[in-house]
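Chain by chain, the residues run as shown.
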Amino acid sequence: MSLFGQEELTRIAEAALRHATGDAAEAVVIARTGALTRFANAAIHQNVVSREVDLRVRVAVGKRVAIVATNRVDAEGIAQAARDASDLARLSPENERFAGIPEPRPIPAATPSAYRARTDAATPLDRARLAKVICDASLAKGLRAAGFVSTDTQELLVANSRGVRAYTPQTIAEAQAA
C-alpha cells in the first residue's frame, strides 16, 4: 500500500496549526504516490515511483489572509510555513470578500469511494502486464506501441483551528498508447 495515511497527514496539519498565529488557521495536506511504467517499441524502458507531500497553510488575521505552500514537511519546514503565513497575513491588505475559515459541519461520505485498494497496491509487475497487453495487441496488427501505464494514490486532509477535520484518499489508474 502506498498510502501515507490519515494519521501521518493529521500529524503534519496539527503541527502547522500549532505554529500558526492569527485569528484562524487552516492546513491542507496533499500526499501523492505516483507509479509510472513507460514502454516503446514493445519494450518497457522506464519504471518510476514518486512520493511527495505538500502542505498549504492559510492564516487569517481579521480580513487579512495569507497562504504559504511548502513541500518541506519536517518539523522545521512545517513551523516555517506556519510562521511565514502568519507574518504575511498581518502584512496583507484586507480582503473584504473573505468569508472566514469554515466552522465544522457534517461531511457526507463519498459514495462510491474514489479509493480502490487494488489500484493502490499495484506493483511494477502489474503495470508491466498491462503494458504487455497493449504491446501484444499492437504487434498483432503489425504496429509498434509507445505509451505508459500509471497508478496514482492521492490523499487530501483538511484541518483548521475551528475544529474542521476531513480526510479522503483516491486512486487513479491510466493507460495511454500511440
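Our subject is the structure that appears above.
Computed from a predicted model, the values in this text were never measured in an experiment.

J.: Which parts of the structure should I look at to understand the sheet that holds strand S2 (residues 43–61)?
T.: Two pairing modes exist for strands in a sheet, parallel and antiparallel, and in both the strands are linked by backbone hydrogen bonds. Across the sheet, five strands lie side by side as S3-S2-S1-S4-S5; this open sheet has antiparallel pairing. Of all strands in the sheet, those bounded by a partner on one side alone are strand S3 (64–70) and strand S5 (165–177). Adjacent strand axes in the sheet meet at a mean angle of 15° when their direction is disregarded. Strand direction decides the pairing type here: strand S1 (residues 24–40) and strand S4 (residues 146–160), joined by 15 bridges, are antiparallel.

J.: Would you mind showing me how to read the environment of Glu174 here?
T.: Along the polypeptide, Glu174 turns up in strand S5. By relative accessible area, Glu174 is classed as partly exposed at 34%. With 24 residues separating them along the chain, Glu174 and Ser150 place their C-alpha atoms 5.3 Å apart. Other than its neighbours up to four places away in sequence, Glu174 contacts Phe148, Val149 and Ser150. A distance of 2.6 Å separates the side chain of Glu174 from the side chain of Gln176, its partner in a polar contact.

J.: Before we go on, may I ask you to explain the pairing of S3 in this structure?
T.: Consecutive residues of a regular strand have side chains that alternate between opposite faces of the sheet. Summarising the sheet, S2 and S3 pair through seven bridges and their orientation is antiparallel. Within S3, the position partnered with Val61 by the bridge is Arg64. As consecutive antiparallel partners, S2 and S3 are separated by two residues, and within that stretch Gly62 has a phi angle of approximately 65°, a positive value.

J.: Help me out: how do you make sense of the layout of surface pockets in this one?
T.: In this approach a probe as big as a water molecule rolls over the atoms, and the regions it shows empty are the leftover space. Size it by volume and the largest pocket reaches roughly 190 Å³. What lines the largest pocket is Arg118, Thr119, Ala122, Asp126, Arg127, Leu130, Val149, Ser150, Thr151, Ala173, Glu174 and Ala175. Elements with a contribution of two residues or more to the lining of the largest pocket: helix H3 (117–120), helix H4 (124–140), S4 and S5. In terms of residue class, the lining of the largest pocket is made up of five nonpolar, three polar and four charged.

Criteria and cut-off values
- Residues numbered from 1 in each chain as written.
- Predicted model: local features only at pLDDT ≥ 70, side-chain atom pairs only at ≥ 80, totals over all residues.
- Heavy atoms only, no water.
- Pairing = 2+ DSSP bridges.
- Helix = DSSP H or I, 4+ residues; strand = E, 2+ residues; numbered from the N terminus.
- Axes fitted to C-alpha atoms, helices over the stretch in contact; angles between N-to-C directions.
- Buried < 20%, exposed > 50% of the residue type's maximum accessible area, 1.4 Å probe, protein only.
- Contact = heavy atoms within 4.5 Å.
- Polar contact = N/O pair within 3.5 Å; in protein donor to acceptor, adjacent residues only side chain to side chain.
- 1 Å grid on protein atoms, 1.4 Å probe; cavity = no way out; pocket = protein on both sides within 12 Å on 5 of 7 lines; lining within 4 Å.
- Points joined across faces, edges and corners; volume = space filled by probe spheres on them.
- Nonpolar A, V, L, I, M, F, W, Y, C, P; charged D, E, K, R; others polar.

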